[in-house]
Structures are given as structure tokens and as C-alpha cells.
Amino acid sequence: LRVVVLISGGGSNLRALLEAAQDAEFPARVVAVGADRQADGLAHAELFGIPSFVVPYSSFASREAWGEELLNRLREWQPDLVILSGLMKLLPHQVVAEYSPRIINTHPAYLPEFPGAHGVRDALAAGAEQTGASIIVVDDGVDEGPILAQRRVPIEPGDTETSLHERIKPVERELLIQTVLDIANQTIHLEEYR
Ligand code: GRF
């Protein structure tokens, strides 16, 4: 399974995927890593010798123009699956249209609870006793696609956004790797979500 991962940040989820793919038995290969900025997480791609590309959002006159270039770059790698992992941009429609339902996203909340760019902060602010991590199929909406996997994560008294996010991320990584395995092994049939 040819996978392209798109990031904006530190890429801890990407790193976990790269480590899992080191195992020759793992049925997925990260063939390239893309970013919308000079993301720190690109260093993981470098370390594992995986090609990477940057399509700087700030260099384009519009989200559509950015999306066109992103689509061109994705096409070069012929991905069977596109993984958004910490991409802090909404995918332009033309990218969703071309690759959906073979695009999945990791989200640090128990969707449909707390969608959007601040899911961790929102769960804390809501005084929730638990939140979670979710893997969904990406559609044109914001974190509202079909849920492929999710698990609850407790919120502890005194949690900060950082401490809570650090508790969520390992769960996210486990769910992501299991979901990629399930997709590669046809346990999950993404075409059902077309
Ligand atoms: C992850 O929690 C992801 O779900 C969210 O942003 C975080 C990115 O973390 N969208 P990293 O860049 O993978 O470390």
C-alpha cells in the first residue's frame, strides 16, 4: 500500500508510521511526506530516507491555487492512501474529489465531540472527564467523515492542553497504525465510503 502522509507540525504520528513501516512485514510503505510549511516533522522523513515535498500555503494566492499544486505533487507519488496527520489545513475540494475515500485523518478527540483545529483545548474548556482519539475518512467537511476507529482517553485533574495532548497522541498512533494495517489487509474497505 503506497502511502503519502501530509503534516504541518512535529510529525510524531508520522514518526510512528515510519517506524512501523521499518518492519518488512508491514503492508504499507510511506513513499513520500508532504507539508504545507517547513514543518519540523519533515526531519523524520529525512532520517528515514523518505522523499518529502513542501507546498507552502503562504506562497499561493488562494486555497484553490494551493490545492492545485498539492494535487499535482500528490499525483507524482501515486498514493493508494493519503494520511493527514497534523495537517492544519482543510483539504481543497479538488484533492478530496480525487482521492476520497482513500484519505484518512487523525484527530485528537472522540468525534463527533470537539471537531476542528482545537479539539484538545475545547475538551478541556468544556470540563469533559474524558476525550479520545479518532481516525476518520476525510470528506469535504471539517472532521465529520465516517469514523474508522476511535478510543477514549481520560482527562485528569490539572491537565493542561499539552499534558492532555501528550496522553492522546500515543493512542492516536496506535489507532493510526492499526487502521493502516486494516486498510492494507482489506479488513477495512474504504470503497464502501465512496
Ligand atoms: C495530532 O494530535 C493530530 O491528530 C492533530 O495534530 C497533532 C499533530 O501532532 N491534528 P504531530 O504533528 O503528529 O506530532
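Not measured: the values here are computed from a predicted model. (Residues numbered from 1 in each chain as written. Predicted model: local features only at pLDDT ≥ 70, side-chain atom pairs only at ≥ 80, totals over all residues. Heavy atoms only, no water.)

**Points about the pairing of strand β5 (residues 103-107)**
The element β5 is largely enclosed, with a buried count of 5 among its 5 residues. Here strand β4 (residues 81-84) runs beside β5; their pairing, made up of 3 bridges, is parallel. Each residue of the ladder has a partner; that of L84, found in β5, is N105. As for the winding sense of the linkage, the β-α-β connection from β4 through helix α4 (residues 93-99) to β5 is right-handed. Examined bridge by bridge, β5 and strand β6 (residues 130-137) share 4 bridges and lie antiparallel to one another. Across the sheet, residue I104 finds its bridge partner in β6, namely V137. (Buried < 20%, exposed > 50% of the residue type's maximum accessible area, 1.4 Å probe, protein only. Helix = DSSP H or I, 4+ residues; strand = E, 2+ residues; numbered from the N terminus. Pairing = 2+ DSSP bridges. Right-handed = clockwise from strand over helix to strand, strands pointing away.)

**Section: the layout of surface pockets**
Considered as a void within the structure, the largest pocket measures approximately 770 Å³ in volume. Taken together, the elements giving at least two residues each to the lining of the largest pocket come down to α1 (12-21), β5, α5 (119-125), β6 and α6 (161-184). Of all the elements, α6 adds the most residues to the lining of the largest pocket, at 4 residues. Among the residues making up the lining of the largest pocket, the classes are represented as 13 nonpolar, 16 polar and 9 charged. (1 Å grid on protein atoms, 1.4 Å probe; cavity = no way out; pocket = protein on both sides within 12 Å on 5 of 7 lines; lining within 4 Å. Points joined across faces, edges and corners; volume = space filled by probe spheres on them. Nonpolar A, V, L, I, M, F, W, Y, C, P; charged D, E, K, R; others polar.)

**With respect to α1**
Counting buried positions over the 10 residues of α1 gives 7, a clear majority of the element. Those residues of α1 that sit buried are N13, L14, A16, L17, L18, A20 and A21. At its buried positions, α1 is contacted by β1 (2-7), β2 (29-35), α2 (42-47), β4, β5 and α6. (Contact = heavy atoms within 4.5 Å.)

**Brief notes about the UniProt feature "active site" (unreviewed entry) in the protein chain**
On the UniProt side, "active site" (unreviewed entry) is annotated at positions that read H107 here. Of note, H107 is situated in strand β5. Note on H107: relative accessible area 3%, which makes it buried. Setting aside residues up to four positions removed in sequence, H107 forms contacts with F114, P115, G116, G119, G132, A133, S134, D143 and E172. (UniProt positions renumbered as here; feature names shortened; annotations may be inferred.)

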